[in-house]
Each structure stands twice: as C-alpha cells, then as structure tokens.
Amino acid sequence: MQIMIKLAKTAGFCFGVDRAVNLVYELVEKGEKVCTLGPIIHNSQLVSDLESRGVKIIDDISQCPDGYTVVIRTHGVEKSVIDSAADSQVNYIDATCPFVSKIHRIVSEQQEGTVTLIAGDENHPEVMGIRSYCKGRSFVFKNEDELNSILKNNSLIDEKSLICVSQTTFSLKEWKKCEKILKKLYTNCKIYSTICNATADRQEEAASISEEADAMIVIGGRHSSNTCKLRDVCKAKADTYLIETADELRDIDLSHYKVVGVTAGASTPSVIIKEVLKSMSEEIIEKEVETADSVVETADTADKATEPAVKASADGEATFEEMLEESFREDENSKVVKGTVVNITPTEVFVDVEGRKQTGVIAFDDLSSEPITKPEDAVSIGDELSLVIMKTDDSEGVLKLSKKLVDQFKGWEDIVAAKENDEVLEGTVTAVVKGGVIVVAKGTRVFVPASLTGVARGQELDILKNTTARFKIIDINNARRRAVGSIKVVANEERKAQQEALWASLEEGQKLNGTVKSLTSYGAFVDIGGMDGMIHISELSWNRIKHPSEVVKVGDVVEVTIKSLDEENKKISLGFKKIEDNPWEILKRDYPVGTDCKAKIVSIAAFGAFANIIPGIDGLIHISQISWERVKTPADVLSVGDEVDVRIIDVDYDKKRVSLSMKELIAKPEETVAVLADEDDAE
C-alpha cells in the first residue's frame, strides 16, 4: 500500500535556536574554548555533538574554566545569573532568543508592584528567567483551570497594575482560552501575546496536517516544551508518535496508514529530520521491492503494483505466483515434475523427467536462487529433483524447467516460519539495489533497507556484496511473497549478548588487551572485546601530556587494567600506565638518598633552583645547597639549561618532593685549608 508523507514546512530550527547553535559552532571553529550555561537547546543529539567538539556544559557561572567563553542558552537565564557573570568578569555571550529577551524587557519596564501573570511551565528555564525580571508578584499557569484558580485565590483586582505574558512556546489554543477569561474578568489587565511566531505557525500547521493525516510523527527532544506542545496538538486529530531519532521508527508500524504527517520541534536539527524522512522512505521501499528484478517501486511507480513480481527467466510466459499456485494446488502432475540429472554442461543441466518423453533442460539462471559460479555448485549427476515446467517446446521436443522456482516456493515457508519464530537466518548478499541490499536465503530474495544493514551512514553498501549475512525477518507480505530483513537487529542482539557475557567476566584489577577505537581531548576509548572502556588522559602517561595522541593512536593494540566498573551505567574506567614506569618507583629503585647524579636546571626561583633528575621528576636545590659560599640569588650562579652535578639528600615520597645539593659534592673551605696545613707540616 502506498504511503503518502506530508512534511510540515515549518519543521525544524526556529530563528532563535538557529542563531544560538550557529554562534556556538562558529566559536568552536575559530578555536575558542566554549562552555554553555546548561544545554544550549533541548536536543540531546546536537548537545552530544557539541560535547564531542570540546564544548562543556556548566550549571553555574562559577564553574566556567579559565580561558573559556560562556554562552547563555536560548531559553535565557535568571537576571541574577547575568549580573553574576558581569560582576565576575567572566567572558560571556548572551544567546538568549530575541523573543525571550523581549518578554524580559516587557516585565522589567513595568512599574513597581505590578503583578505579572505568566502562561507557561513554572519549572521551565524560560519562565524562571521571566519571573526574575518581574518587579512585583508573579504567578504561573499552564491552562485555564490553573488561571481560574489563581484568580480565585488571589486578590489581584486590588492591584494597581496587572499584566499577562506567555512563554514563547506556550500552546496557542490554550492561550486563546486564557486570554478570553482575562478580558472578561480584568478589563484593566494588559495582555501581551508573546508566543513566538514560529511556534504559533508550527502549531497551526501541525493541526492542519493532522486533520488530513492518519498518523503524525513529531520529531524532537522529549524535554522540549515546544515539541511536547506539537505532540499535544497533533494527537487530538490523529495517532501521534513522538520520536527523537530515526532509530525509534523501527518500533512503529506505519504500514496500515495511508497518510503520515511529519513535523518537528524548534530545537530539532535538519539532519535528524532528513534521517527520519529517509528511514520512512526506506520503509515504503521495503514493501515495494521487486523480488526478481531488484526493481524498487516508489510513490512514482506505485501504480504498477498489479504487475507480476517475479518473471520466469526462460521465456517469460509465467509469473512466480501463477506458476506455483497452479503447480502446487491445481494439477501437480502437469506442472510440477520429478527429474533425474543425467548430464551437466557449463550453461545447462539435462534431466530425465518422469512420465515425459521430452528432454528436460534447466537453464543456468533457473538452477538456483543461491549465488553459484557453475552448475555443479547446485546439482550432481544422479540427483532427483522437483521441477516446475516453464515451457513445453514441442518443435524441439524439450521441456524448459526451473529448479529455482520450486526452491523459492519451499523456501518461502521457511522464511515465514523464521519470522514467526524470531529465527536468525543466514544468507548471501547478492545485490545492492536502491535503498538497500538483497540477501538470498532459503532460495528466497529478502530486501534489507540500508538503515538496517549495519553499514555506517555515508559508507558504501558495496562492501556487503557477496558476503554472508546473518539477519532476521521483520516484515512479511504473504500476498506478494516479499520479505524484509534486518542485519542490524541480529548484530545488535549478538553484540548485547557478547557485552553481557563480557561484563559478567570483568573485575577490577583485571588485565586485558584492547584496541584503541577513538581519541578525544580527555582520553582514549578502547574496545576490550565487544565493550568500550575509557583511559582518561591522566592514566595514559606518568608525564603530563596535552593530548592522548602523544601516547596512542587509533588501531593500537594496548594492554590495559580495569580500574573501576560502573555496572549501573555500564561504564568501564581503564588504566594504562604501568607501575614499573612510575618515575617515583624508578627513583626509589635506582636513585636512593645519597646518590650522586647529573641534573638539568629547568627553572629558577628566589629560594633555589629546580633541576630535572629523570623524566617526570624535578628536585629542588635550595639556595643554601648551591655552594658553601653565600649565594645572594640562585640566578647569579645558575641558568636554565645548565647541567650540574648534584647529590640526592632527601626524598619525601608522600609529598612527592626531592631535595638536592650541589655543595655536598664540593669540599668545605675549612677542610681544604686543613688539608693544605697538614701537607706543609709533613714537608
């Protein structure tokens, strides 16, 4: 059945969100360090992408790291937060939506004591920000019942000034009801319609489409106010499903709907909308793929649905349905025959057909649905086969036969059973077609949409061709003998089972070998056999490093130690540094107190000089330990880069401090005089 998809023109980023998101990406591309005060928008996928680019999320201005620019989110923040940012001299950029800023100005410009009514969610950041700019009492309501309750329980009529504003994403339908109540009861109330135009347009269009559609798909974050409002608008008219990503479509059966509408919240990136539309298109294609010719019927070719699905390869006189329904149901002896293989050539197989005088011939293309390179891959001389008569050529005394169609018919029953039993099948990927691949199993061609192949988006599907795939049947069309499969669902199940088995075997302190999968600024992710663990940058080296790439690269096989296991969140922290490489262990082993060695001056202070003994450990040569003679300042005697002889005179392993002495390697002046005197006496 053809499914019509109607996409709302207003779906996706509104002006304010687009402005804020572009601002953050521009800062990142310029190389600036950025943090946002709370998530920049209510969309977890986009927020995760920004985090992968180094953008941090903080909850308070005081948490801003040195050198970072704070971006104020689109919802706006409370006035005290802006004041705090200004007082602390933190570098910040206010990305508050201009429509939200307008509400701030409206309420802040009112006279002292003005009572403000706010239509919205009192726990939403936008509403909390609005209330902070109010100069008098403020009340929040989310529907007409709550408004009536506020008006009933508070003596607002005595107030000198009363105004009403709304959250920018408030329900337009609910606002009109509340506006009517206020105009009736408080004629002096100043009502400001502050619902964002984009929100109003989006809700009106969603309502219009939902009246024409059988079902609505609303794309956006479940914590997004405007997305939830869209869902509420749509579900009043049609079956409505709120999804955050295209992956969630697999749990929704759209096959029984004729018209499906699609809209999206103001904080939904266009790339996610495109992914959803692509997945929905593939769902339609799954139902319309041609089994034999790999022809995909889209909305443009849906009127061809009455054409035969599979054409006979010999002379094209019969369709798959016609052949098998007649052969197996009406007159088995006239259409389905038994034959024994008597001769095999590179292009044909000859058989003796029971009860027939004609010679039976099976063309190579009619020999097997499975991919074969030569006839011997499918049959051997002496094999007894069930065959379908494709055509009788009396002039040549030949029966043109097909083994492939019999296999397909019998295999179809196995395919149907596999769907009912949730069985994992194995087949060969024989072709890449529009929207996916064809896998042959049980003599039947199964269509696997691109999104269910497990191949990463953007990667060519050709890598699957001629490979063996494990998959499950996810959809069956018995009337047209068509099946849709998923390789991805099997891979996910096997990966999950592997991860659960692996998790059960893990314990802290365990040593494992793993492969570095990816690097971030804060560490390296390592595949330890079906699960990923993370080596924090501090665990990669005993020396200070700026980036994990200084120690490991993607593809490296490394030995790691499990430091901790977070079973609830399924997170694994890994250690990489070896205890024997710990500079302090090396110092303890090879450089005990009293050891004389060379050291390189790395910095100079007023109280002494720091010298590097071994990589990772610097010791202090106190000014009193530089020379037996009085040293006014270390810089008079030493320079950075000098290599000097020192003696280790003390080590504090707890505080990680090493004391060095240069003068211990120089004879004391009085000892030198005494030696010279002894030599004179001896003479």
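Keep in mind that what you see is a predicted model, and the values were worked out from it rather than measured.

Quick look at the overall build of the protein chain
Here is step 1 of the chain: The secondary structure content of the protein chain amounts to 16 helices and 32 strands.
Here is step 2 of the chain: Residues classed as buried in the protein chain amount to 45% of the 683 residues present.
Here is step 3 of the chain: Residue pairs in contact within the protein chain that sit at least 24 positions apart in sequence constitute 63% of those at least 6 positions apart.
Here is step 4 of the chain: Only carbon and sulfur atoms are counted for the fraction: they give 46% of the accessible area of the protein chain, which is about 35300 Å².

A short note on unusual backbone geometry
Here is step 1 of the chain: Even without glycine at this site, D422 takes up a positive phi of about 55 degrees.
Here is step 2 of the chain: Relative to the helices and strands, D422 resides in the loop between α13 (404-420) and β18 (425-433).
Here is step 3 of the chain: Notably, K656 is not glycine yet its phi reads approximately 55 degrees, a positive angle.
Here is step 4 of the chain: Position of K656 relative to the elements: it lies in the loop between β31 (643-652) and β32 (657-661).

Let's talk about the packing of helix α1 (residues 15-29) against helix α2 (residues 44-52)
Here is step 1 of the chain: One can describe the packing of α1 onto α2 by two numbers: an axis separation of 11 Å at closest approach and a directional angle of 15 degrees. Comparing their axes, α2 and α1 come out roughly parallel. Note that α1 runs across α2; the crossing there is left-handed. Within the contact between the two elements, α1 uses V21, V24 and Y25 and α2 uses L46, D49 and L50.
Here is step 2 of the chain: Partitioned by chemical class, the residues of the contact of α1 with α2 number five nonpolar, no polar and one charged.

So, the sheet that holds strand β26 (residues 557-566)
Here is step 1 of the chain: Read once around its circumference, the closed barrel built from five strands follows the order β23-β24-β25-β27-β26, with strand pairing classed as mixed. Taken over all neighbouring pairs, the strand axes of this sheet differ in orientation by 55 degrees on average, direction set aside.
Here is step 2 of the chain: Sheet analysis places β26 next to strand β27 (residues 571-575), joined by five bridges and oriented antiparallel. Bridge pairing in β27 links D566 to K571.

Thoughts on the packing of aromatic side chains
Here is step 1 of the chain: Throughout the structure, instances matching the rule amount to three aromatic pairs.
Here is step 2 of the chain: Positioned above the aromatic ring of Y653, the side-chain terminus of K588 is 4.9 Å from the ring centre.
Here is step 3 of the chain: Residue placement shows K656 over the ring face of W584; its charged tip is 5.7 Å from the ring centre.

As for helix α9 (residues 225-235)
Here is step 1 of the chain: Among the eleven residues in α9, eight count as buried, and that is most of the element.
Here is step 2 of the chain: For α9, the full list of buried residues reads S225, N226, T227, C228, K229, L230, V233 and C234.
Here is step 3 of the chain: Packing partners of the buried residues in α9 comprise α8 (197-212), β10 (215-219), β11 (239-243) and β12 (259-264).

Quick word on the confidence of the model for the protein chain
Interpreting fine coordinate detail is not advised for predicted regions of low pLDDT.
Here is step 1 of the chain: With 88% of its residues at a pLDDT of 70 or more, the protein chain has an overall mean of 82.
Here is step 2 of the chain: Below pLDDT 50 for its whole length, residues 285-334 participates in 101 contacts with residues either more than four positions away or in separate chains.

Brief notes about helix α5 (residues 125-132)
Here is step 1 of the chain: Within α5 the residues assigned to the buried category are P125, E126, V127, G129 and I130.
Here is step 2 of the chain: Buried residues along α5 sit in contact with α4 (98-108), β6 (115-119), β7 (138-141) and β8 (162-166).

Structural notes on the pattern of salt bridges
Here is step 1 of the chain: On inspection of all chains with the given rule, the structure shows 25 salt bridges.
Here is step 2 of the chain: The partner of E539 in a salt bridge is K563, with the nearest N and O atoms 2.8 Å apart. With E539 in the loop between β25 (532-536) and β26 and K563 in strand β26, the pair connects residues that are 24 residues apart, well separated along the chain.
Here is step 3 of the chain: On the basis of relative accessible area, E539 is assigned to the buried category, the value being 17%.
Here is step 4 of the chain: The class of K563 is partly exposed, set by a relative accessible area of 44%.
Here is step 5 of the chain: Ionic contacts of the salt-bridge type, sharing partners, join the residues R222, E244 and E248 into one network.

Some thoughts on the nonpolar core
Here is step 1 of the chain: The biggest cluster of nonpolar side chains holds 23 residues, and the ones touching the most others in it are L37, C64, V70, V107, I118 and V165.
Here is step 2 of the chain: Among all residues touching V165, those that are not within four sequence positions of it are I103, I106, V107, T116, L117, I118, A119, I130, W175, Y192 and T194.
Here is step 3 of the chain: Ranked by size, the runner-up nonpolar core spans 22 residues in total, among them L587, I613, L638 and V651.

A look at the sheet that holds β7
Here is step 1 of the chain: Overall, parallel pairing links the four strands, which are arranged β7-β6-β8-β9 in an open sheet. Bordering the open sheet on either side are β7 and β9 (190-191), each of which pairs with just one other strand.
Here is step 2 of the chain: Across five bridges, the pairing between β6 and β8 is parallel. Within β8, the residue paired with A119 across the bridge is S166.
Here is step 3 of the chain: Along the sheet, α5 contacts β6, β7 and β8; its crossing angle with β7, the most-contacted strand, is approximately 160 degrees.

Observations concerning the packing of helix α6 (residues 144-153) against helix α7 (residues 172-185)
Each pair of packed helices can be described by the angle between their axes along with the distance between the axes.
Here is step 1 of the chain: Orientation of α6 relative to α7, taken along the N-to-C sense of each, is 25 degrees, at an axis distance of 9 Å. Classified by the angle between their axes, α6 and α7 sit roughly parallel to one another. Taken as a pair, α6 and α7 cross one another with a handedness that is right-handed. On the side of α6, the interface is formed by E144, L147, N148 and L151, while α7 contributes E174, K177, C178, I181, L182 and L185.

With respect to the environment of G382
Here is step 1 of the chain: Assignment of secondary structure puts G382 in the loop between β15 (359-363) and β16 (384-393).
Here is step 2 of the chain: Each C-alpha atom of the pair G382 and V342 lies 6.3 Å from the other, and the pair is 40 residues apart in sequence.
Here is step 3 of the chain: For G382, the contacting residues outside a window of four places in its chain are T340 and V341.

Regarding the side chain of H124
Here is step 1 of the chain: Secondary-structure assignment places H124 in the loop between β6 and α5.
Here is step 2 of the chain: The exposure class assigned to H124 is buried, which follows from its relative accessible area of 7%.
Here is step 3 of the chain: Residues contacting H124, with those up to four places away along its chain left out, are H42, H75, Q167 and S225.

Rules behind the numbers
- Residues numbered from 1 in each chain as written.
- Predicted model: local features only at pLDDT ≥ 70, side-chain atom pairs only at ≥ 80, totals over all residues.
- Heavy atoms only, no water.
- Helix = DSSP H or I, 4+ residues; strand = E, 2+ residues; numbered from the N terminus.
- Buried < 20%, exposed > 50% of the residue type's maximum accessible area, 1.4 Å probe, protein only.
- Contact = heavy atoms within 4.5 Å.
- Areas by Shrake-Rupley, 256 points an atom, 1.4 Å probe, with all protein chains shown as cover.
- Axes fitted to C-alpha atoms, helices over the stretch in contact; angles between N-to-C directions.
- Parallel < 35°, antiparallel > 145°, perpendicular 65-115°, else oblique.
- Left-handed = near helix turned anticlockwise from the far one by under 90°.
- Nonpolar A, V, L, I, M, F, W, Y, C, P; charged D, E, K, R; others polar.
- Pairing = 2+ DSSP bridges.
- Phe/Tyr/Trp six-rings, centres within 6.5 Å; stacked < 30°, edge-to-face > 60°.
- Lys NZ or Arg CZ within 6 Å of the ring centre and 35° of its normal.
- pLDDT = per-residue confidence, 0-100.
- Salt bridge = Lys/Arg side-chain N within 4 Å of Asp/Glu carboxyl O.
- Core = buried A, V, L, I, M, F, W, Y, C linked by side-chain atoms within 4.5 Å.

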